[in-house]
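The residues making up each chain are set out below.
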Amino acid sequence: MVCLGNICRSPMAEGILKQKAEKHKLAIEIDSAGTSDYHIGDKPDKRASSTCFAKGIDISNLRGRQLCKADFDEFDRIFVMDFSNYENSIALVNEPEKQAKVEMILNLSYPGENRSVPDPYFGGDEGFEQVYHLLDNACDVLIEQIKNEES
Ligand code: 4NP
């Protein structure tokens, strides 16, 4: 799960997907990162943590890190929140098969529309609630895809 800072959208996505994977007993590796180095080592934004905590998801132990080349070897799929994240992510690698791992996360719930998860950082609490619901729906689709792959 990738966004710009790795303190708002992508740690929320990581927490949401981890909770769903656990519920469905799926043994998958889930992590998040930012394309920037702005918040390396930082805790998630308080508004991201409290929005998730209210839904029963504790993301307070996560820490910001930067997306790197090795992630393209480590992970099968890389979900980005917006088109800027998309461009910054694919720029890290040259191989088309690695670039093809990068997908806009809302194409799970809105196929082919290339919608973005709005950056809530400079807005109010309601932005985080909206992000939560967008990511919750997208992760439901992802869980169904993975379950179908495994069966
Ligand atoms: P995120 O939000 O990409 O969802 O983690 C942001 C966090 C920090 C900044 C921008 C977006 N920033 O400019 O520091």
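See above for the structure.
Just so we're clear, the structure is a prediction, and the values are computed from it rather than from any experiment.

A. Broad picture of the site of the ligand. Around the ligand, the neighbouring residues are Cys3, Leu4, Gly5, Asn6, Ile7, Cys8, Arg9, Tyr38, His39, Asp119 and Tyr121. Gly5 places a main-chain nitrogen or oxygen 2.8 Å from an oxygen atom of the ligand. Coverage of the ligand by the protein chains reaches 91% of its 350 Å² of free accessible surface. Residues that form the shell around the ligand fall into these classes: 6 nonpolar, 3 polar and 2 charged.

B. Layout of the environment of Val2. Position of Val2 relative to the elements: it lies in strand S1 (residues 2-3). In the structure, Val2 is positioned 33 residues away from Thr35 in sequence and 7.0 Å away in space, judged by C-alpha atoms. In this structure Val2 touches Ser10, Ala33, Thr35, Leu67, Ile78, Phe79, Val80, Met81, Asn85 and Ser89, once residues within four positions along its chain are discounted.

C. Spotlight on the layout of surface pockets. As a volume, the largest pocket reaches approximately 430 Å³. Lining the largest pocket are 21 residues; nearest its centre among them are Glu29, Ile30, Phe75, Asp76 and Arg77. Broken down by secondary-structure element, the contributors of at least two residues to the lining of the largest pocket are helix H3 (71-74), strand S3 (78-80) and helix H6 (125-150). With 3 residues, H6 is the single largest residue contributor to the lining of the largest pocket.

Cut-offs applied
Here the residue numbering is sequential within each chain, running from 1 through the sequence in written order. Since the coordinates come from a predicted model, pLDDT governs what is reported: local features require at least 70, and pairs of side-chain atoms require 80 or more to be given and counted, while whole-chain, interface and lining totals use all residues. In computing side-chain properties, one takes all heavy atoms of the structure into account and sets aside hydrogens as well as water. Here, proximity means that at least one heavy atom of the residue falls within 4 Å of the molecule or strand. By the criterion applied in these results, polar contacts are pairs of N or O atoms within 3.5 Å in which, for protein atoms, one can donate a hydrogen and the other can accept it, and in which residues neighboring in sequence qualify only through two side-chain atoms. Methods summary: accessible areas were calculated by the Shrake-Rupley approach with a probe of 1.4 Å, and residue burial reflects only the protein chains presented. Each residue is assigned to one class: nonpolar for Ala, Val, Leu, Ile, Met, Phe, Trp, Tyr, Cys and Pro, charged for Asp, Glu, Lys and Arg, and polar for all the others, Gly among them. Helix and strand definitions here come from DSSP, where helices need a minimum of 4 consecutive H or I residues and strands a minimum of 2 consecutive E residues; each element is numbered from the N-terminal end. By the convention used here, residues are in contact when the closest approach between their heavy atoms is within 4.5 Å. Cavity: a set of points on a 1 Å grid over the protein atoms alone where a 1.4 Å probe fits but cannot get out. Pocket: an open set with protein on both sides within 12 Å along at least five of seven lines, its lining residues, like those of a cavity, having an atom within 4 Å of a point. Grid points are joined across faces, edges and corners, and a volume is the space filled by probe spheres set on the points.

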